[in-house]
Amino acid sequence: MAHRDPPGIIAPHIPADAYRRAEATGQPVVIVVHTTDHDGHSLGHYLFPIVIAGAGVVGVFGLVAAFMALLDFAVHTAIAIGSVAGPVSVGGITFKLARPKD
């Protein structure tokens, strides 16, 4: 298991020669800690919602395209049936689905 220091400890170890030299001369021991502070949000913070919205938009476009293809197929089918069948009667009301060509 890896050794981990509790939070809040800046320098868990100061080299012995630096400590002895500081103790003998009275000079302070300077500890430099390199940190990277993030001032803003990462790219992933903004990218994830954009990807989700883009997937939704592509899905809606696909749904609309499928609906339009279904309507196109239904209209072509109705035209083909209408041109072959002639007039259609429902409950005493007669509809002419296609006009004669004369």
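It should be emphasised that the depicted structure is a prediction, and the values quoted were computed from it without experimental measurement. Each chain carries its own residue numbering, running from 1 in the direction its sequence is written. Residue-level local features of this predicted model are given only where pLDDT is at least 70; pairs of side-chain atoms are given and counted only at 80 or more, and the full residue set underlies all totals for whole chains, interfaces and linings. The basis for every side-chain value is the complete set of non-hydrogen atoms in the structure, without hydrogens or water.

Undergrad: Tell me about the overall build of the chain, and name the residues and values.
TA: Comment: elements are numbered from the N terminus, with helices defined as DSSP H or I runs of at least four residues and strands as E runs of at least two. Along its length, the chain carries two helices and two strands. Secondary structure elements of the chain, listed N to C terminal, follow the sequence α-α-β-β. Exposure classes here rest on a 1.4 Å probe applied to the protein chains alone. A residue is buried below 20% of its type maximum, exposed above 50%, and partly exposed in between. Looking at the 102 residues of the chain, the share that counts as buried comes to 3%. Reported accessibility uses the Shrake-Rupley method at a 1.4 Å probe radius. Residues are deemed covered only where the shown protein chains occlude them. Put simply, the chain shows about 9600 Å² of open surface, and 67% of that area lies on carbon and sulfur atoms.

Undergrad: Mind laying out the confidence of the model for the chain, listing which residues take part and the relevant values?
TA: When pLDDT is averaged along the chain, the result is 79; 70% of the residues meet or exceed 70. Within a predicted model, pLDDT stands for the predictor's per-residue confidence, ranging from 0 to 100. For the chain, strand β2 (residues 93-96) is the element with the lowest average pLDDT, namely 68, and helix α2 (residues 43-85) is the one with the highest, namely 91.

Undergrad: Could you give me a rundown of a nonpolar patch on the surface, with the residues and numbers involved?
TA: Within the patch definition used here, like charges are joined within 9 Å and nonpolar side chains (Val, Leu, Ile, Met, Phe, Trp, Tyr) within 5 Å, considering only residues with over 30% relative accessible area and no salt bridge. Just to be clear on terms, a salt bridge is a Lys or Arg side-chain nitrogen sitting within 4 Å of an Asp or Glu carboxyl oxygen. Residues Val 60, Val 64, Phe 67, Met 68, Leu 70 and Leu 71 make up a contiguous nonpolar surface patch of about 570 Å² in total accessible area. One can find Phe 67 in helix α2. The partly exposed category is assigned to Phe 67, whose relative accessible area is 48%.

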